[in-house]
Each structure stands twice: as C-alpha cells, then as structure tokens.
Amino acid sequence: MPSLRSAWKCMFAPRLIQIYGNAAERLYEPQILEQWGNQVISSLCMLWKLGLYTSPMWGIVLYNNGYFESLGLTTITKLVAGVGVILIVSFCIRGFSRAHNSTYLRFLEVLHKAQVNIVENKQDLMKYDFEFSAWPVEYDLRVESSSSKVKIARKITNQSTMEYLISLPFRIIAYFAIHTFGIRLIYPGSIKLLQMVLESSLQQGRTRLIDFYGGQRYKLKSADGNTIDMMVLDRRNTHPHGDTLVICCEGNAGFYEIGTMITPTEAGYSVLGWNHPGFGGSTGMPYPAQEEAAMDAVMQFAINKLGFKLENIVLFGWSIGGYSVSWATVAYPEIKGAVIDATFDDILPLALNQMPKWWEPIVKLAIREYVDLDISELLSKFPGPLLLIRRTKDEVICTNTGDLSSNRGNNLLLKILRNRYPCIFDEHQLLIINEYLAVTGSKQGTFEHLHLIQIYNYLITERILEQHNVDDTVCISLLQSYISEYSKSYPMKIGEDLPATEKNQLALFLAKKYMKDFKATHCVSLPGDMFALPWDVNVESDFVFT
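Given the structure is predicted, the values throughout are model-derived calculations rather than measurements.

Draft legend 1. A look at the packing of helix H16 (residues 408-420) against helix H17 (residues 427-437). Axis separation between H16 and H17 bottoms out at 11 Å; the angle between their running directions is 150 degrees. The orientation of H16 relative to H17 falls into the category roughly antiparallel. In this structure, the crossing between H16 and H17 has a hand that is right-handed. Contact residues: Asn410, Leu413, Leu414 and Arg418 in H16; Glu427, Leu430, Ile433, Asn434 and Leu437 in H17.

This is the structure:
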C-alpha cells in the first residue's frame, strides 16, 4: 500500500510518455485511473488555452447578448468552483494510480537521482521520454560561462519629440498587437494548441533521433533564464564529416524533432538541434532578445561542453531560422561558415505583403520596434563563408506567388554581394544579376525528368553565363590576385580598375557560388545530398570546405 507522501509526489510529477528499449521503444501504458486523470487534466488545459485565444470573439458576443448579466456573479463563481473540484479530483486520482504502478515509481526514482546528479545518472534518464519541464538543467550559461555575447549594436532610428508623440498611439497599438497575437502569427510553432496536435509526431521524431541515430537530449538555461530543449548527435570518430558540428535553427513552425536536423545528419556531420523559446520543451517566447539569448547558450554549450572549436562549427538555418544564424555569425565570426535555406533579407516586406494596406503604419512600427528581423543587416557584418539556398517554387518567401524574381532570397543575395564586393556591383551588373535570378539556375536531374518550362529556364541561365563568357578559372584567378596583394577582408575593393566585361563575369560568378537553387516548395525537407558547406577562395587554390 503506497503512502500518502508517495501519492502526493506522484500527483504533480511529470507525465511519462514512453520508455526506450534496446530494440524498439514502447509507449508507457498508464493504469486506467491515471489515464482518466491525465485525459481530464489535458482536456481542461486545452479548453483553457482555446478559450484564452478566442476570448476576444466569444467575450464580445456574450457581453452584447447580455449573458454575463443573466448568469450573474454567483453562477459564474459556482461554475469556476465546479471546474476546480474536477481538476483537484483528477490530480488525486492520477497520483494514487501512479503510486500503485511499479514502472512509474522506477521512473520517478531515476528522475530524482538525475535531478541530484545529472552527470552520473544521464544514461539512465535517457531511457525515458517525459514532460521536459522536469528534466534537470545540464548547462546554465549564467553560472558556467562569462563570455555571453547577447548584446550587438543595432541601427537606431532618430526621431524628434514631436514625431514620437504623434506616433505614440500607433506604438501602443503595435506593442499590444505584437505581445498578444502578433508574435504567434510570426512564430505559429509557439501556439500550444498546435504543439498538442503535433505531440505524437514530435515524440516519434525524438524516438528516431535517439534510437536510430544515438542522439543525446540536453536542457540548457540561457542568460535570460529560459530553458532550451536541445538534441545532439555527436559523430566524431564515427563519420567522415563528424568533426564538423552543424547547428540547426528551425523555421517559424519547425521543431528539431521533425525539422532540419535530418539533412546534415544524412550528409554525415555531427548535428545539434534546438527549439525556439516557447517551442516544444523550451520556455519563453520567440522575441528577438530571447532568440538571441537561446542561440548564445547553444553556442556556448557547443564550445565549452561539447568541445567543438569555432572553426569546426557550421550554422544551418531554414526560413526564419536564418535570423538566429545571422545573429550568431556576428557574435561568433570565427565559425567555419553559414548555410541559410529558404530565408529572406528583411521580414518587413513579407509582413506588409500579408497585411491589409491600412495596417501599414502599425505593422511597420510593430516590426521595427519589437521583431526587427533584418537578416541582411546582420550578415553584412559576417566575414566568413556563406551559402544561400533558394527554393524555386517557394510560396512563402515570394511576395508574388509563382514569381521567382520576387523571392526575398534574391534581395538577401544582392545585399550581401553589394556589401562584400561594392566595386563590382554597379547598376549595370545589378540588371544582369536580376535577369539571372529571375530564372532557376539548377537543372537537378536529366532533361527527361524536367518540364518544358524548367528546361527553358535552365537554358536561359546557361545562355546568360555564356553570353558574358563566365569562366570560373579566370574569376578565381582575379580574386586570388586581389587577396594576395591586399587581404581577404570585406568589403573587397576588387573591381575598381576592371572593365565592365570582367565585372559582369565576376558578378555572375559570385552569384552562382553564393546561391544554390533547390527545385521545391518552402516546406520540403532539404535532401542530405543537397547540403554543402560554403564555397570560399583560397590564395593557393580554389576549394570547397569539406
């Protein structure tokens, strides 16, 4: 007979999801009363969240129809009290049922030992999948590292006092918009209802990473106090590229369990994936400051705990994850390189494109003041190798559906190239590059498997390159000569004394090297064979980082 103390501990202990085995995982099977208690508690939580999200709509309807007055305060109080009693009874039933379950009690014992000493008990804890809030913190940036790099200088908008006062009403509306529904529109993965719907898929994804790839789950605490849910596949000494760590940053509805980790994993690299604040087991909300603090904790953990050198770390960001990558490239410029897939230069044009025209002043204020994801501004400060991957059928990053020339990845590429090679990209060269970017430069297979329009676009791209006599050897030689005489630092002044024909060649050559096309829509997973580390020029010979 379990004691009341044991039942009390089980009552508020984390929900056990599954137990990993040697051959295959198996779901934890709670007893009927625990199952009933879990169901009632989770249903009430879901109803609470659903009611909270929809409260502006149903609250107005109920008030306008006089339901609040007809029900009265006493009735509402009784209703709330009744729900409270149901919740308390559910917790009690769940606690007593767990206290009779030997499997759950063994898990609780392992969890308690791990909370006392996670280092010695980590492998035992890894046998269980449970609510991540109970997982002990393994790396606290506030305690274990004094090299936090969260603060980065940003552009400042100067306004007079009068301009500020005039815009004050819009600022108030913008603040409340972003801090209620706005941040969830930008990062829908932070919506708990969506996470509940995806729970089974996330659990299956974790199982695959742990059982099939030997992943290790970790819990970090960032400088702002948020906890970060993270998975590591350490493949040093077991895979050809295992000495290089690829840190993956997910999209606005992406999770490491079902996100980009699989791409560099298939390519043979060591891989680290983490969830945005408010996603999965991570706490907080994905505001820029919290994103930066989380990314900083991840980088510090990779360096100080996993033991990877900065020159062996590559950042890989998909979609809005490109912001986390771009921030880290400025904070840690010594990294090996950055690969950015299906992302944009600045979130403002995309936000304006999705909102009604009359919202424009509020949207501009809300973005610039609170969610200023200007990726191009940050990447302009990065001195290392970069590779952009553009989805030729991207329906999210294009401001005009189906128009490749409106892909905001084009804008990102041009801003990077103009910043790095300002003397090459004059107005004439920009016209040539825009023509080149308006069609796909990737054949991706044999002509038999391509549609006529794809073949046509590919041939146009080849014609543009042939028309300007783009010779890779000549372009590399020009870059090597400049680097040998001056330096490899940006911005490079190469092109000041070159004729227009050679500028054209270099412009097209650089565009081809900095951007690779992938014939897919926005949410299709990038295949492992499409993942490549950024190209760079060496003063001795041209080579690709491997």
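Draft legend 2. Region of interest: the nonpolar core. Residues Ile247, Leu272, Trp274, Ile313, Leu315, Tyr421 and Leu510 are the most contacted members of the largest nonpolar core, which totals 97 residues. Excluding residues that lie within four positions of it along the chain, Leu315 makes contacts with Ile247, Met295, Met299, Val325, Ala328, Thr329, Ile335, Gly337, Ala338 and Val339. If you look at the next biggest cluster of nonpolar residues, it comprises 46 residues, including Ala13, Ile210, Met261 and Leu387.

Draft legend 3. Examining a nonpolar patch on the surface more closely. Taken together, the side chains of Tyr164, Leu165, Leu168, Ile172, Tyr175 and Phe176 make up a nonpolar region of the molecular surface, amounting to roughly 570 Å² of accessible area. Turning to its location among the elements, Tyr175 is positioned in helix H7 (residues 161-186). Residue classification places Tyr175 among the partly exposed residues on the basis of a relative accessible area of 38%.

Draft legend 4. Structural detail: the pattern of salt bridges. The full count for this structure, using the stated rule, is 23 salt bridges. Between Asp140 and Arg142 there is a salt bridge, with the nearest N and O atoms lying 3.3 Å from each other. Overall, Asp140 belongs to the buried group, its relative accessible area being 14%. With a shortest N-O distance of 3.1 Å, Lys357 and Glu360 are connected by a salt bridge. Taking the relative accessible area as the measure of exposure, Glu360 reaches 21% and is therefore partly exposed. Through salt bridges with shared partners, one network takes in Asp129, Arg206, Arg217, Asp229 and Glu257.

Draft legend 5. Fine view of the pairing of strand E9 (residues 313-318). Most of E9 sits inside the fold, with six of its six residues counted as buried. Of the two faces of E9, the one lined by Ile313, Leu315 and Gly317 and the one lined by Val314, Phe316 and Trp318 are each fully buried. Where strand E7 (residues 241-249) meets E9, five bridges bridge the pair, whose relative direction is parallel. Pairing of Leu245 across the sheet is with Ile313, part of E9. Pairing of E9 with strand E10 (residues 337-341), which is carried by five bridges, proceeds in the parallel orientation. When the sheet's bridge partners are listed, Leu315 is paired in E10 with Ala338.

Draft legend 6. Main features of H16. With 13 residues, H16 ought to run about 18 Å at 1.5 Å a step, and its terminal C-alpha atoms sit 19 Å apart, in line with that. Residues of H16 that are buried: Arg408, Gly409, Asn410, Leu412, Leu413, Leu414, Ile416, Leu417 and Arg420. Here the buried face of H16 lies against helix H13 (347-354), helix H15 (375-379), strand E11 (386-391), H17, helix H20 (500-514) and strand E12 (515-518). The distance from a side-chain oxygen at the start of H16 to the backbone nitrogen of Gly409 is 2.7 Å, and the residue carrying that oxygen is Asn407.

Draft legend 7. Representation of the side chain of Arg217. Here Arg217 lies in strand E5 (residues 216-221). Sequence-distant contacts of Arg217, that is, excluding residues within four places in its chain, are made with Lys122, Met126, Asp129, Phe130, Phe132, Trp135, Glu138, Arg206, Asp229, Met230, Met231 and Tyr256.

Draft legend 8. Structural context of the pairing of strand E6 (residues 227-233). Burial of E6 is extensive: seven of the seven residues sit out of reach of the surface. Going residue by residue along E6, you find Thr227, Asp229, Met231 and Leu233 tucked away on one face and Ile228, Met230 and Val232 tucked away on the opposite face as well. Note: E5 against E6, six bridges, orientation antiparallel. Paired with Lys221 across the strands is Thr227, a residue of E6. Between E5 and the antiparallel strand that follows it, E6, lie five residues; Gly225 among them carries a positive phi value of about 95 degrees. Pairing of E6 with strand E8 (residues 269-274) involves four bridges; the strand directions are antiparallel. Each residue of the ladder has a partner; that of Val232, found in E8, is Leu272.

Draft legend 9. The sheet that holds strand E3 (residues 128-130), seen in detail. Spatially, three strands are ordered E2-E1-E3 in an open sheet, and the strand pairing comes out antiparallel. Looking at which strands have only one partner, the edges of the open sheet turn out to be strand E2 (26-27) and E3. Judged from the two bridges that link them, strand E1 (residues 16-19) and E2 form a sheet pairing that is antiparallel. Directly across from Gln18, in E2, lies its bridge partner Leu27.

Draft legend 10. Expanded view of the sheet that holds E8. The nine strands lie next to each other as E4-E5-E6-E8-E7-E9-E10-E11-E12, forming an open sheet whose pairing is mixed. What marks the edges here is a single partner per strand, and that holds for strand E4 (139-140) and E12.

Draft legend 11. How the structure looks around helix H4 (residues 102-116). Between its terminal C-alpha atoms H4 stretches 21 Å, which fits the 21 Å expected from 15 residues at 1.5 Å a residue. Near the N-terminus of H4, the side chain that reaches the backbone nitrogen of Thr103, with its oxygen 3.0 Å away, is that of Asn101.

Draft legend 12. Structural detail: the packing of H16 against H20. Where H16 contacts H20, the axes come no closer than 11 Å and their chain directions differ by 125 degrees. With respect to H20, the axis of H16 lies oblique. In this structure, H16 crosses over H20, and the sense of that crossing is right-handed. Counted together, Leu413, Ile416, Leu417 and Arg420 of H16 and Leu510, Ala511 and Tyr514 of H20 form the full contact between these two elements. Residues belonging to the contact of H16 with H20 are distributed by class as follows: six nonpolar, no polar and one charged.

Quick notes on the rules
Residues numbered from 1 in each chain as written. Predicted model: local features only at pLDDT ≥ 70, side-chain atom pairs only at ≥ 80, totals over all residues. Heavy atoms only, no water. Axes fitted to C-alpha atoms, helices over the stretch in contact; angles between N-to-C directions. Helix = DSSP H or I, 4+ residues; strand = E, 2+ residues; numbered from the N terminus. Parallel < 35°, antiparallel > 145°, perpendicular 65-115°, else oblique. Left-handed = near helix turned anticlockwise from the far one by under 90°. Contact = heavy atoms within 4.5 Å. Core = buried A, V, L, I, M, F, W, Y, C linked by side-chain atoms within 4.5 Å. Buried < 20%, exposed > 50% of the residue type's maximum accessible area, 1.4 Å probe, protein only. Patch = residues over 30% accessible without salt bridge, like charges linked within 9 Å, V, L, I, M, F, W, Y side chains within 5 Å. Areas by Shrake-Rupley, 256 points an atom, 1.4 Å probe, with all protein chains shown as cover. Salt bridge = Lys/Arg side-chain N within 4 Å of Asp/Glu carboxyl O. Pairing = 2+ DSSP bridges. Expected span 1.5 Å × (residues − 1). Polar contact = N/O pair within 3.5 Å; in protein donor to acceptor, adjacent residues only side chain to side chain. Nonpolar A, V, L, I, M, F, W, Y, C, P; charged D, E, K, R; others polar.

These results come straight from atomic positions and should not be treated as a statement about function.
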